[in-house]
Amino acid sequence: MHLDIVVQVLIQILLVIGLSRLVGLGFRRLNQPLVIGEIVAGIMLGPSLFGMIAPNVAAWFFPPETIPFLGVLSQIGLIFFMFLIGLELDPKYLKNGLNVAILVSHVSILVPFSLGTLASLLLYPLVSFDGVSFTAFALFLGAAMSITAFPVLARIITENNLQNTRLGALALTCAAVDDVTAWCLLALAIAVTRYNNMIAAVPTILESVAYIAIMLTLGRWLLKQFAVMYDRRGKLTQTVLAIIYIVVVISALVTELIGIHLIFGAFLVGVTMPKHPGLTRELAQKTEDFVLTFLLPVFFAYSGLRTQIGLLNRPVLWGLCAIVVAVAIVGKYVGTYVAARVSGVEKREASALGWLMNTRGLTELIVLNIGLSLNVISPLLFTMLVIMALVTTFMTSPLLEMIYPKQQIRQHQINQPEIPKSDQYHVLVPIANPTTQRGLIELAMSIAIGNSSRQPNAIVTPLSLIQFDQDYVYESLPIEANRQIALTDEKLQALIQTLEPAGYRHLVRPIVQVDRDVARATTQIAMRDRANLILVGWHRPAFHSNRLGGRVGEILTTAPVDVAVFVDRHSTKLENLLLPYVPNIHTDLGLELALRLLINSDQTHLRILRVQPFSELSSEFNSLLDRLPDRVRRRIDLPIVETNSPIQAVIEASEFADLTIAGASREWGIERQTLGRYTDELATECRSSLLITRRYSQVASHLSAMLEIADEKLV
Amino acid sequence: MKSLFNAKWLTFYGTTIAFVIALFSIVTNYGEANLKAQPKISGRYKISAAELPGCLKGKYLVLSIEQSGVYLNGSLLEISHSTQEQTASRKKPSLTGKFRQPNLELSGTLRQIQGCENSAIAIQSTIDQSTLKGNLNLDNTTIDFVAKLEEASEAIKQ
């Protein structure tokens with residue numbers, strides 16, 4: 001079947017984008033950057049997998065006459081991607097410990113560069129061609145070994161909440177310095193490769209330096225006008241955007257004409273653009289969606305079509321590949337570690353920095369594709385280096401977690417939050433939106449602190465987790481993440497300042513951080529900070545009956561802590577509580593929380609509604625009631641209702657309550673994502689606000705300290 | 001962390017850079033003088049032989065060679081093979097071998113040639129500019145052959 005080339009290219013693009021998203025998301029589940037999955041998807045489409053399994057089908061999908069079109073698309077993608085990388089390089093990253101960062105980053109380039117040069121002695125006669133000079137080969141291999149991918153590293157740092165730690169700040173500065181240095185090194189390698197010797201490349205090098213100087217002076221001044229235009233209009237207009245893109249392309253053409261490469265011109269414009277927060281964000285957001293979802297996967301596929309793992313068809317070649325990987329890892333790690341130690345960084349941080357700086361990701365892929373196009377590296381060496389790039393990026397997250405576990409990161413934060421004391425009653429409140437979940441924090445305060453005159457030994461932690469669904473976007477950069485954290489923190493603080501009683505506001509201590517998996521992070525923080533209760537808000541889904549899907553369901557299933565789910569009907573007081581009695585441990589937790597509310601506020605009354613056949617209270621329940629001081633006990637009412645429909649009786653009683661507290665049914669969790677038939681129905685029909693309790697620990701008590709206080713008060 | 005103008009720090013920095021530049025100069029001087037990489041020989045070579053043995057008899061063949069330094073991969077194809085089949089052969093070459101100027105050896109199967117799927121082939125030859133001269137062993141029958149590199153334009157036409 002013969003198809004028009006445009007049709008063929010479009011079919012290829014369909015396949016490329018579909019597979020790269022799929023594999024990318026698969027890698028996200030493995031806690032790896034999405035971009036690594038996309039690179040792997042590109043390799044899968046090439047001769048390494050698709051071509052290996054079904055060579056004829058692969059040849060039909062990717063006929064040679066269409067490849068140049070993919071090549072053009074991928075070059076355009078690279079130009080704008082490099083522009084984005086430059087745009088992301090904010091001088092703010094260079095504020096922290098610049099002197100140490102310069103040393104660490106330069107030594108972390110020099111050591112792998114030297115080892116790469118030495119490895120050339122082995123590799124050049126085996127995998128190069130006589131048209132390539134040894135100097136160009138050594139320079140290129142050295143540059144390939146020295147790369148650190150700032151964009152991928154920046155996102156790994158944000159994901160691990162390291163951006164405000166000494167380690168994160170240092171790693172970011174090092175990677176930024178490294179990025180600029182490595183691109184200069186690569187430009188030198190390209191110039192030398194084109195002329196095949198160092199001396200002939202001198203004019204190109206001088207022209208490049210002159211162009212960089214022009215861009216950093218005159219160019220910077222001209223580009224500043226975009227910020228002025230942005231301020232005048234308050235937004236980025238299409239005309240301004242078009243002019244910026246024209247500048248990017250012109251600059252790319254200039255560097256290509258000089259004899260380095262298209263990408264440097266685009267990168268230089270990105271670096272030189274004024275780092276005006278609004279302009280940079282809007283420009284990045286407008287550019288990145290199409291570049292990252294469409295053009296970059298095409299580049300990965302184009303690169304994958306040139307990667308042929310099947311070329312490693314002898315043990316000796318796998319041996320060479322292992323040497324390449326080892327040289328890259330050891331060179332980068334040792335260089336970084338030694339330089340960091342000399343600069344006075346402690347051992348564990350120096351080690352973590354060594355692994356972080358090993359992230360090569362797609363920056364390496366860009367370098368390698370240039371090398372292959374210039375014929376300075378052969379297809380076999382290209383494949384080895386692609387494997388090296390994947391291994392070094394893949395290993396970063398797990399090694400970082402091993403050396404620098406997330407639990408310990410908090411101890412190294414620059415502004416260290418206070419860790420709750422072990423004997424404090426601690427309620428953790430995950431908050432999705434501070435402006436609409438005031439009721440949730442108020443309830444947490446009432447349970448934990450109340451308005452008693454005696455200083456309570458309790459704290460409430462509103463936990464706001466900022467989740468980035470897509471990891472390779474501008475907003476997931478450390479500076480942007482910090483901006484969002486500050487914004488959320490500001491909203492939370494504003495809310496806290498309106499809470500009553502004012503004297504106990506200092507006991508509400510929010511945590512705001514970035515995390516990809518909100519439910520897992522909530523569970524981890526609850527365990528780390530020894531929370532007694534997770535109080536989570538829940539909105540009834542409007543269009544489906546999936547009762548507890550999403551984060552609430554996940555927290556209920558995974559958290560080894562007592563959990564209460566609050567369905568807010570926006571009642572402003574907590575004077576009348578209703579507890580439908582069902583003999584199970586979840587209702588016992590509900591009773592304990594209700595009693596805390598009773599002890600904390602003298603205006604609160606509790607009705608424990610006993611519906612036949614559950615009119616007989618359990619011995620545990622009775623003994624708990626017996627321990628209560630009289631001033632609390634006399635505010636508890638225990639009516640018995642005879643009815644054919646217990647649920648209906650509870651719903652009717654809830655009409656007169658401010659808050660109904662119900663334990664999850666005994667069968668909760670058996671049917672996925674439900675709290676049991678009775679509680680589910682209550683969640684839908686209850687007329688008051690509802691608190692559904694799910695007990696985890698049968699030993700932990702929410703009342704022991706409270707009863708002592710109540711006893712003392714009685715005395 | 002220490003300050004930028006610490007003497008130990010500057011010494012470390014200066015020594016490292018000097019060492020790397022010296023190392024690079026020594027290694028590249030040595031490499032340029034003593035190390036030789038192989039010339040490029042990848043391409044399509046049209047085979048002519050008096051009479052091809054066994055299942056290859058009467059077929060017009062092209063030896064397609066992909067090269068990475070001394071390591072070779074390739075496929076023996078029929079001239080009549082479609083572009084798609086030729087692309088497929090490049091994705092999954094059936095011959096592997098080595099090249100040390102001027103000697104070239106390749107061996108493997110003839111997966112792409114109808115009727116020869118189960119045959120094993122070994123090629124030994126020397127290369128002189130763009131001509132291969134050597135012998136071809138198919139299932140223990142050896143014949144001599146000559147193969148000429150196709151011009152780029154001719155290769156595209158094929």
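Residues numbered from 1 in each chain as written. Chains lettered and ligands numbered in written order. Predicted model: local features only at pLDDT ≥ 70, side-chain atom pairs only at ≥ 80, totals over all residues. Heavy atoms only, no water.

## Points about the overall build of chain B
This is how the line gets drawn: A run of H or I in DSSP becomes a helix once it reaches four residues, and a run of E becomes a strand once it reaches two; helices and strands are each numbered from the N terminus. Computation of the radius of gyration draws on C-alpha atoms alone. For the globule rule, the value is 2.2 Å times the number of residues to the power 0.38. Only protein chains enter the accessibility calculation, which uses a 1.4 Å probe; a residue is then buried when its area is under 20% of its type maximum, exposed when over 50%, and partly exposed in between. Computed by Shrake-Rupley with a 1.4 Å probe, the accessible areas treat only the displayed protein chains as cover when residues are assessed. Residues scored as charged are limited to Lys and Arg (positive) and Asp and Glu (negative), so that His and the chain ends carry no count. Each charge is placed at NZ for Lys, CZ for Arg, CG for Asp and CD for Glu.
On a plain count of helices and strands, chain B comes out with 3 helices and 8 strands. Ordering the α and β elements of chain B from the N terminus gives α-β-β-β-α-β-β-β-β-β-α. Over its C-alpha atoms chain B spans a radius of gyration of 24 Å, topping by over 25% the 15 Å that the globule rule assigns to 158 residues. Seen through its principal axes, chain B has C-alpha atoms that stretch 80 × 30 × 30 Å. Burial status across chain B gives 43% buried among its 158 residues. Surface accessibility of chain B: about 8,300 Å² in total, with carbon and sulfur atoms responsible for 53%. Averaged over its 17 positive side-chain charges, chain B has a centre that lies 11 Å from the centre of its 13 negative ones.

## Re the domain arrangement of chain B
Where we set the bar: By convention here, the domain bounds are inherited from an automatic or database domain assignment.
Segmenting chain B into domains produces domain 1 (1-35) and domain 2 (43-157). Put simply, the middle of domain 1 of chain B and the middle of domain 2 of chain B, counted by C-alpha atoms, are 48 Å apart.

## Focus on the pairing of strand 4 (residues 533-537) of chain A
All names here are of chain A. So the rule is basically this: A pair of strands is labelled paired if DSSP reports no fewer than 2 bridges between them.
Along strand 4, 5 of the 5 residues are buried, which leaves the element largely enclosed by surrounding structure. Neither face of strand 4 is left uncovered, since the one carrying Leu-533, Leu-535 and Gly-537 and the one carrying Ile-534 and Val-536 both have all their residues buried. Summarising the sheet, strand 1 (residues 425-430) and strand 4 pair through 2 bridges and their orientation is parallel. Each residue of the ladder has a partner; that of Val-427, found in strand 4, is Leu-533. As judged from the 5 bridges shared by strand 4 and strand 5 (residues 562-567), these two strands associate in the parallel manner.

## A few points about a nonpolar patch on the surface
Which entries qualify depends on this criterion: Like charges are joined within 9 Å and nonpolar side chains (Val, Leu, Ile, Met, Phe, Trp, Tyr) within 5 Å, but only among residues with over 30% relative accessible area and no salt bridge; these make up the patches. Every case where a carboxyl oxygen of Asp or Glu lies within 4 Å of a side-chain nitrogen of Lys or Arg is listed as a salt bridge.
A surface patch of nonpolar side chains, about 430 Å² in accessible area, is lined by A:Ile214, A:Leu218, A:Trp221 and A:Leu222. Note that A:Leu218 resides in helix 10 (residues 202-233).

## Some points on the sheet that holds strand 1 (residues 43-48) of chain B
So the rule is basically this: Axis angles are defined between N-to-C directions and span 0 to 180 degrees, where every axis is a line fitted to C-alpha atoms and, for a helix, only to the segment in contact.
Sheet architecture is closed into a barrel: 8 strands sit in the order 1-2-3-4-5-6-7-8 (chain B), paired in antiparallel fashion. Ignoring which end each strand starts from, the neighbouring axes of this sheet average 30° apart.

## Digging into the nonpolar core
Residue and element names in this part refer to chain A. The cut-off we apply is this: Here, nonpolar core refers to any group of buried Ala, Val, Leu, Ile, Met, Phe, Trp, Tyr and Cys residues whose side-chain atoms link them within 4.5 Å.
With 155 residues, the main nonpolar core has Met-273 and Leu-385 as its most contacted residues. Tallying contributions element by element places helix 9 (residues 166-195) first for this core, with 16 residues. Formed by 55 residues, the second largest nonpolar core is a distinct cluster that contains Leu-507, Val-514, Leu-533 and Leu-579.

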